[in-house]
Amino acid sequence: MKIPSSIWTLLIGIVLTLTSLWYGQNHGLLPSAATDEAVLVDGLFNAMMIVSTGIFLIVEGVLIYSAFKYRRRAGDNEDGPPVEGNIPLEILWTAIPAIIVIGISVYSFDVYNEIGGFDPHAIHEAPMNQESMKMPGHGSAMAATLSDTPPSTEPNLNQEKSDQAMQDPATAEVRNADQIPQLRNAPGVGSVAPTIGGTPDKAGKPAGLQVNVTGLQYAWLFTYPETGITTSEMHVPIGREVQINMTANDVIHAFWVPEFRLKQDAIPGRQSEIRFTPKKAGDYALICAELCGPYHGAMRATVVVEPKEAFDKWVQEQLVASKETLNQAVAVNPADLSPNEFLAPYTKDMGIQPEILHHIHK
C-alpha cells in the first residue's frame, strides 16, 4: 500500500517537532544556573535552540533527500527541466523566517525587561555615589585585605596590579571624576552607563546588598560600602538581591559570570550597574569578557555564593582580621610614630604600600 505524501509530511513534521523540543531542552550547552535571572535567560536560549534545531533538520533533510532523489543516474546525459521560479514558495520561505525573527525579538525584549535591563530613565537620572566608588584605602580603616588575590597565569600579576592601584594617588575615583562633567559641577551626580537594574517588581527599591567593583589591568577589586571591607574575592549570600556598582581604572573591562547569565561593561569615568539574586551555592569564576590588554586571559576572580550564615561569618572574619591588625600595630608603636611608619610592617603582606596609609588613617 502506498502511503500518501501528505501522511508522510505529517509524520516527518511530528518527528521533527518532537526532536527539536527534546534537544532544545536537553542540549547541555549551558553551565548551571546560579541566579534567579538565569532561569529567564535559559528559557530564551532554549526557545532559540528549539527553533534552530528544527530549521537545521528541515534544511539538511531537504538537501540530503534532494541529493539522493535527483542525483544523475548512469547514462543520463539530458538537461534537467527548466525551472523559472515559484512565487508562492518564495513568499513562504520569506514570511516564515520573518515571523520567527520577530517572535524571538519580542521574546528577547520581554526577558530583557524582566531581568531589569529596560529602564530608559536610568542612564539620565541615576546618581553616582562618589563614596561608593572609592578605591581601597580611601576612608576604610584597614579593611583592605588583598592577600586572597586568586592565582593567575602570570605570577603575582593580579597582586602587583592591586598594589599599584592601592598606592597610586590618582586612583580610579580621582581620574573618573575628572572625566565626568556632572561631577565637576554637581558633586554626587555622575555619568551612568546603561544598566541591568532591578526586576519590575523590585523597581525603585534598594538592593539587599551593594558591592562596588573596580576593574583594572588585570584584577578585580570589591568593596562593601556598608562595612568598608575591600577584597579581591567577592562573597554574596543566597536569596539576597545584590547590586553591583562598577567602574574601571584604566580601560574598558566586562563583568561576566557565565552561571549568572549576566554581563556588563565596566567603563572608565562611568558607573555601570548589575542586579541579580543568587540562588545556588558555589564558587564561580568572574571573567573579563572585554579584551583589555596582553594579559586579558589572566583577569579572573572568584565569586563565592554561600548561605546567609556563612556570608555573615565571612564578614565578621574580615572585620576581626582588620581590627587585630590595627591593634597589633598600635600595641608595638614606640613613641608617636606616624601611621605610615608603624603600620607598614603589618600591611606589607597585604599589598598595601606606605604611600596609601595616610588615606587609611583618615
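The rules behind each value
- Throughout, residues of each chain are indexed from 1 in the direction in which the sequence is written.
- In view of the model being predicted, local features appear only for residues whose pLDDT reaches at least 70, and side-chain atom pairs are presented and counted only at 80 or more, with totals across whole chains, interfaces and linings using the full set of residues.
- To get the side-chain values, take all heavy atoms of the structure and skip hydrogens and water.
- Nonpolar core, defined: a set of buried Ala, Val, Leu, Ile, Met, Phe, Trp, Tyr and Cys residues in which side-chain atoms within 4.5 Å join the residues together.
- Accessibility here uses a 1.4 Å probe with only protein chains present; expressed as a share of the type maximum, an area under 20% marks a residue as buried, one over 50% as exposed, and anything in between as partly exposed.
- Secondary structure elements follow DSSP: runs of H or I of four or more residues count as helices, runs of E of two or more count as strands, with numbering from the N terminus.
- The criterion for an aromatic pair is that two Phe, Tyr or Trp rings (for Trp, the six-membered ring) have centres within 6.5 Å, with stacked assigned to planes under 30 degrees apart, edge-to-face to planes over 60 apart and tilted to the rest.
- Geometrically, a lysine NZ or arginine CZ counts as sitting over a ring once it is within 6 Å of the ring centre and also within 35 degrees of the ring normal.
- Here a salt bridge means any side-chain nitrogen of Lys or Arg lying within 4 Å of a carboxyl oxygen belonging to Asp or Glu.
- pLDDT expresses, on a scale from 0 to 100, how confident the predictor is about each individual residue.
- A contact between two residues is defined here by any heavy atoms of the two lying within 4.5 Å.
- For every element, the axis is a line fit to its C-alpha atoms; helices are fit only across the contacting stretch, and the angle between N-to-C directions ranges from 0 to 180 degrees.
- Roughly parallel refers to an angle under 35 degrees, roughly antiparallel to one over 145, roughly perpendicular to one between 65 and 115, and oblique to any angle outside these ranges.
- Throughout, a crossing is termed right-handed when the near helix is turned clockwise from the far one, and left-handed when it is turned anticlockwise from it by less than a right angle.
- Residues are sorted three ways: Asp, Glu, Lys and Arg are charged, Ala, Val, Leu, Ile, Met, Phe, Trp, Tyr, Cys and Pro are nonpolar, and all the rest, Gly among them, are polar.

Draft legend 1. Just the nonpolar core, in detail. Counting residues in hydrophobic clusters, the biggest one holds 35 residues, and the most contacted among them are Val211, Trp220, Met234, Ile244 and Phe255. Residue contributions to this core peak at four residues, all from strand E6 (residues 242-248).

Draft legend 2. Layout of the packing of aromatic side chains. By the definition in use, this model includes seven aromatic pairs. Between Tyr224 and Phe311, the ring centres sit 6.5 Å apart and the planes meet at 45 degrees, which makes this aromatic pair tilted. Here Phe311 lies in helix H8 (residues 308-331) and Tyr224 lies in strand E3 (residues 219-224), a separation of 87 residues in the sequence. Here Tyr224 and Phe311 have matching classes, each one buried. Taken together, the ring pairs connect Tyr224, Phe311 and Trp314 into an aromatic cluster. Sitting over the face of the ring of Phe68, Arg71 holds its NZ or CZ atom 4.5 Å from the ring centroid.

Draft legend 3. Structural detail: the pattern of salt bridges. Inspection of every chain in the model, using the stated rule, returns four salt bridges. A salt bridge links Glu241 to Arg275; its shortest N-O distance comes to 3.5 Å. Of this pair, Glu241 sits in the loop between strand E5 (234-237) and E6 while Arg275 sits in strand E9 (residues 272-276), and the two are 34 residues apart along the sequence. With a relative accessible area of 9%, Glu241 lands in the buried category. Given the relative accessible area of 10%, Arg275 is considered buried. Taking the shortest distance from any N to any O, the salt bridge between Asp312 and Lys308 comes out at 2.8 Å. Of this pair, Asp312 and Lys308 both sit in helix H8, four residues apart, which is roughly one turn of that helix. Connected through salt bridges with shared partners, the residues Glu241, Glu273 and Arg275 form a single ionic network.

Draft legend 4. Focus on the confidence of the model for the protein. Looking at the protein as a whole, the pLDDT averages 75, with 66% of positions reaching at least 70. Note on residues 123-191: pLDDT under 50 across the span, and 165 contacts to partners over four residues away in sequence or across chains.

Draft legend 5. Structural detail: the packing of helix H2 (residues 36-69) against helix H3 (residues 87-114). Two elements in contact, H2 and H3, have axes whose closest approach is 9 Å; the angle formed by their N-to-C orientations is 170 degrees. Put simply, H2 runs roughly antiparallel to H3. Our pair here, H2 against H3, has a crossing hand that is left-handed. Seen from H2, the contacting residues are Leu40, Val41, Gly43, Leu44, Ala47, Met48, Val51 and Ile55; seen from H3, they are Ile100, Ile104, Tyr107, Ser108, Val111 and Glu114. Considered class by class, the residues forming the contact of H2 with H3 number 11 nonpolar, two polar and one charged.

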